[in-house]
There are 2 protein chains.
Amino acid sequence: MLAHFDKIVRVDFRINTQLPLMVGVSGGADSLCLLDLLVKNDYAVIVAHVDHKLRPESGEDARRVALLADSLGLEFVSREVDIQSLAEESGLSIEQAARQARYDFLFDRADKYGAQAVVVGHNADDQVETLLMHFLQGAGLDGMVGMLPRTLPNPWSGDIPLLRPLLGVWRTDILEYCQANQIEPLFDPSNQNTDFFRNRIRHELLPMLDDYAPGIRNRMHSMAEVFRAEREFLDDALEVALGSILQDQGEGYLAFDLDLLRGQTLAIQRRLIRWGMGQLRSDTRELDFEAVERALSLLDQSAARQRDIAAGVRAFIEDDRLFLAGWEAKLPSQGWPQLPEQVSGFDIVPPTEVELAEGWCLRAKTLTISDSLWEQIQTNRDPLRAWLDLGEQAPALNCRIRRPGDYLVPLGLAGKSKKISHLMIDKKIPQRARQRWPLICFGEDVVWLPGVQQAEGARVTPESQQIVFLQLIPPRRS
Amino acid sequence: MLAHFDKIVRVDFRINTQLPLMVGVSGGADSLCLLDLLVKNDYAVIVAHVDHKLRPESGEDARRVALLADSLGLEFVSREVDIQSLAEESGLSIEQAARQARYDFLFDRADKYGAQAVVVGHNADDQVETLLMHFLQGAGLDGMVGMLPRTLPNPWSGDIPLLRPLLGVWRTDILEYCQANQIEPLFDPSNQNTDFFRNRIRHELLPMLDDYAPGIRNRMHSMAEVFRAEREFLDDALEVALGSILQDQGEGYLAFDLDLLRGQTLAIQRRLIRWGMGQLRSDTRELDFEAVERALSLLDQSAARQRDIAAGVRAFIEDDRLFLAGWEAKLPSQGWPQLPEQVSGFDIVPPTEVELAEGWCLRAKTLTISDSLWEQIQTNRDPLRAWLDLGEQAPALNCRIRRPGDYLVPLGLAGKSKKISHLMIDKKIPQRARQRWPLICFGEDVVWLPGVQQAEGARVTPESQQIVFLQLIPPRRS
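Here the structure is a predicted model, which is why all the values come from computation and not from measurement. Per chain, residues are indexed from 1 in the order of the written sequence. Chain letters and ligand numbers both follow the written order, the letters beginning at A and the numbers at 1. With the structure being a predicted model, the display of local features is reserved for residues of pLDDT at least 70 and the display and counting of side-chain atom pairs for 80 or more, all residues being used for whole-chain, interface and lining totals. The side-chain figures draw on all heavy atoms in the structure; neither hydrogens nor water molecules are used.

Participant: Outline the overall build of chain A, listing residues and values.
Facilitator: Going along the chain from the N terminus, every DSSP run of H or I of four or more residues is numbered as a helix, and every run of E of two or more is numbered as a strand. When its secondary structure is counted, chain A shows 16 helices and 22 strands. A 1.4 Å probe rolled over the protein chains alone gives each residue an accessible area, and that area as a share of the maximum for its type sets the label: buried under 20%, exposed over 50%, partly exposed in between. Looking at chain A as a whole, 48% of its 478 residues are labelled buried. Here, residues are in contact when the closest pair of their heavy atoms is within 4.5 Å. In chain A, the share of contacts with a sequence separation of at least 24, taken over all contacts with a separation of at least 6, comes to 67%. Only four residue types enter the charge count: Lys and Arg as positive, Asp and Glu as negative, with His and the chain ends excluded. Where a charge sits is defined by one atom per residue type, namely NZ (Lys), CZ (Arg), CG (Asp) or CD (Glu). A distance of 5 Å separates the average location of the 53 positive side-chain charges in chain A from that of its 69 negative side-chain charges.

Take a look at the structure:
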């Protein structure tokens, strides 16, 4: 066991004996076996212990681990955490809170002490329990992989790996090793407490399943090995796909190329959505099978163009892209004129230049008619320019966001009014751009929907007296 | 349900209403619901029933299904099978024997009646039970896919698909449908019998797991969907890999290109081995995780060059190939001279030509020495030709297979004898070719190991009197 263990740590994990390892030592059989193996193989070890304060004797346990470290001549670091309170405050279960406190501490110390890795004592039985829990939760391939012998990056660090060198060793072998080496593990009665889900799995469900199908622990352990390689294969394929399909990624959103996404196999499409959700939400527990299928239903051209996915993330189609965006997203909108947030409207007193959102501006000036101006108006092709006849007693010229029921009578359509909302939809203005799109009005009446349509009511003729020239100017490309 | 069902059958399965469907009808809720839906959607149905003879009232059940078919104006086919005896004879469980008898009958009739498909009534609960059984057996991705809505090819036919249109419908919905449509299912008490593994899963284990993790049935059903797409992805990748890596396939064996196999990801390597085993053995239940790993261990250059895998299949490396071969394999040996099976030796009386195995032959003639012959002998580079000095009182020239302890004194090595087995290994003659490799002898003594080494004892000199010229001639390439 000693030599095999050393091979795993030294060769598979590429760990050298010079730099320190931050080793989590609860005082149970697993961590004491781990510690013994590391020390006997001459690794530089720092013993780390977290006192969860869940049992009256926990302080005594900490003292005994400290004594052990001292007797081995090893550095000892520890922290007391009131897990009960932490769980109550955070809404996590006792198990989750304890886990989080442990890893936070281990990686914090590892960083401070320049440790090359954090090492913990999970064994093959722990692995099988984890797999079964994931299976019950309906995890796919990613969950059925279980814990990994080496995890980097991990949720706590991008450069310090988390190592589990005992992941292939069964609990009985660890207990045997402890006995053979005169190691006396501390007894933790909470391991017997079947209020904890993992303990129910360990003491009730797994023995029962083993009765149904003897040898299931070994088979599940092997299954995780197989799944691991297949997951890696799919991950590689995902990465290749991402290279071409991910078109844009910003604060709280990302966008896939729609045609390229459609061309992928279903397996990769699903993984792209999961990957995207993982980018937007670190906790994707809400992301069940149906949520992923909702996002993919948008690929069907006859289906809706937007759907809620999960955890406040929405998927929608815009032009040739599929967006995933959280409610907090700052979506790119430099392509459109928009009124700034919190501004619902303003008066326009030419000559003037008013800043809009994202570097756009609205310019206005008054002109008098001339042959050359008339010529220019007749031949204009730029939908972001308009010439309006203010009339003799025109109400105040202003710019505002839309209101329910807004309409205009299109230039040349003699009396037939059209809803602003319909004009926007016909012009394929993205939904999220409609609310803050600037409308140019005489008093209440919309006379120009920039980029789309001018109204009959402000039509310029060769006889017009007061003309105002309006122009929406996009931001300068940097 | 009616319209949704029709869409599945007509669109997803591409079934038309003109050609008959062979529908398995036990008389239970699933099959009666299935039958009703098919009839109401105007499909051409033939009702097929197998009487398993496991219960005294089974004959009455068959009669009632026949009556139902008659009342619907449908053709009815049935067969009685004594499953109890079948199980005893074949060594299968009752469940396995019943299943086999059912599908044998359904596909046999489907073929006779020109049916476009066999249709059975498995539902979503059956699917979840199957998944859980596979999980307990340690099945990987392939097993976690569960039953497929459409299977072609299947174990019973290469052109008649097996359809399961109710695979997405839960049992409760089927029972509701039956009630709403005045369908009265026959009661099969054996569905309650927990001696049967599936019934234990259904009535004991699944309710218990649902207690641990409420909603597990739905999640497992979705999981199978996800796994199905991922399996397809891996299958596609496997097929691409096979295109280049599969170098040879014959009776009871196949061979992969070793370098190309080494270049694959672990996931595809494992799947190639599984695929190969599937080609050689239709039942791969013996092929557990360790068996696959044994085969792959040969890729490690420092490891053994052959291993037993499972079910009488051996993996071995030969030249630049990895072979998988059953004990029954007729391996290709046209590359080597071999004595025919059952022939252990024969005398050579020149001039003669003797047929060996696989189209090879041994030609022998006597010559007398001359300058040009001497020149030819000196410059010969073909290891399948030899000139031997028969000497004055040479013992009978013969050809035979090797015996333990065979040796020869190599030409020019003055007295240093070498074991035939060592010479063969040094020359990298594949192990399976060594036993029947032809040895040329004077009496007992080996004087030529064709392709490898001639013996000092039969060396030709310019003074030689009696010379025999021997040549091994490969088969003509067709």
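Participant: Break down the interface of chain A and chain B for me, with residues and values.
Facilitator: Many analyses report the size of an interface as the accessible area lost when the parts associate. Each partner contributes residues to the interface: chain A has 40 residues there, and chain B has 40 residues. Accessible area that two parts lose when put together, with a 1.4 Å probe and added across both, is what the buried area reports. Here chain A and chain B share an interface that buries about 3,500 Å² over both sides, 73% of which is from carbon and sulfur atoms. If you sort the residues of chain A by the area they bury against chain B, Phe 135, Tyr 212 and Phe 233 of chain A come out on top, with a joint share of 23%. Any carboxyl oxygen of Asp or Glu within 4 Å of a side-chain nitrogen of Lys or Arg constitutes a salt bridge here. At the boundary of chain A with chain B, the tally comes to four salt bridges. Across the salt bridge formed by Glu 230 of chain B and Arg 271 of chain A, the nearest N and O atoms sit 3.0 Å from each other. Identification of polar contacts relies on pairs of N or O atoms within 3.5 Å, with a donor-acceptor requirement for protein atoms, meaning one able to donate a hydrogen and the other able to accept it, and with residues adjacent in sequence counted only if both atoms are side-chain atoms. At the junction of chain A and chain B, the tally comes to 12 residue pairs in polar contact (both at pLDDT 80 or more). Only helix 6 (124-136), helix 7 (141-144), helix 9 (197-212), helix 10 (216-245), helix 12 (266-280) and helix 13 (289-297) of chain A provide two or more residues apiece to the side of chain A that touches chain B. Ranked by residues supplied to the side of chain A that touches chain B, first place goes to helix 10 of chain A with 13 residues. Note on residue categories: nonpolar means Ala, Val, Leu, Ile, Met, Phe, Trp, Tyr, Cys or Pro, charged means Asp, Glu, Lys or Arg, and polar means any other residue, Gly included. Classifying every residue of the side of chain A that touches chain B by side-chain character gives 26 nonpolar, five polar and nine charged.

Participant: An account of the packing of aromatic side chains is needed here, citing residue identities and associated values.
Facilitator: For this analysis, a ring pair means two rings from Phe, Tyr or Trp (six-membered ring only for Trp) whose centres lie within 6.5 Å, classed as stacked if their planes differ by under 30 degrees, edge-to-face if by over 60, and tilted for the remaining angles. By the definition in use, this model includes 15 aromatic pairs over all chains. Between Phe 227 of chain A and Phe 227 of chain B, the aromatic rings sit 5.9 Å apart at their centres with planes inclined by 0°, giving stacked as the arrangement. Taken together, the positions of Phe 227 of chain A in helix 10 and Phe 227 of chain B in helix 10 (residues 216-245) put the pair across two chains. Neither Phe 227 of chain A nor Phe 227 of chain B differs from the other in exposure class; each is buried. Seen in terms of ring centroids, Phe 107 of chain B and Trp 156 of chain B are 5.7 Å apart; in terms of plane orientation they differ by 15°. Their pairing is stacked. Here Phe 107 of chain B is found in helix 5 (residues 94-112), whereas its partner Trp 156 of chain B is found in the loop between strand 5 (150-151) and strand 6 (162-163), with 49 residues between them in sequence. Among the aromatic side chains, those forming a connected cluster through ring pairs are Tyr 103, Phe 107 and Trp 156 of chain A. Definition used: whenever NZ (Lys) or CZ (Arg) falls within 6 Å of the ring centre and also within 35 degrees of the ring normal, the charge is taken to sit over that ring. In this structure, Arg 432 of chain A packs its charged tip against the face of Phe 323 of chain A, placed 5.4 Å from the ring centre.

Participant: Residue-level account of the nonpolar core, with values.
Facilitator: One finds Phe 256 and Leu 322 of chain A together with Leu 322 of chain B to be the most contacted residues of the largest nonpolar core, which totals 110 residues. Setting aside residues up to four positions removed in sequence, Leu 322 of chain A forms contacts with Leu 254, Ala 255, Phe 256, Leu 258, Leu 261, Ile 273, Ala 295, Leu 298, Leu 299, Phe 316 and Ile 317 of chain A. By convention a nonpolar core is built from buried Ala, Val, Leu, Ile, Met, Phe, Trp, Tyr and Cys residues, the set being connected through side-chain atoms within 4.5 Å. Counting 36 residues, the second-largest nonpolar core is a separate cluster that includes Phe 346, Leu 356, Cys 441 and Val 446 of chain A.

Participant: Could you give an account of unusual backbone geometry, naming the residues involved and the relevant values?
Facilitator: The omega angle of the peptide bond from Leu 152 of chain A to Pro 153 of chain A is -5°, so this bond is cis rather than trans. Residue Pro 351 of chain B is reached from Pro 350 of chain B by a cis peptide bond, and omega for that bond is -5°. Residue Gln 182 of chain A is not a glycine yet carries a positive backbone phi of 55°. You can see Gln 182 of chain A is positioned in the loop between helix 8 (171-180) and helix 9. The phi angle at Ala 311 of chain A is positive, at roughly 50°, despite the residue not being glycine.

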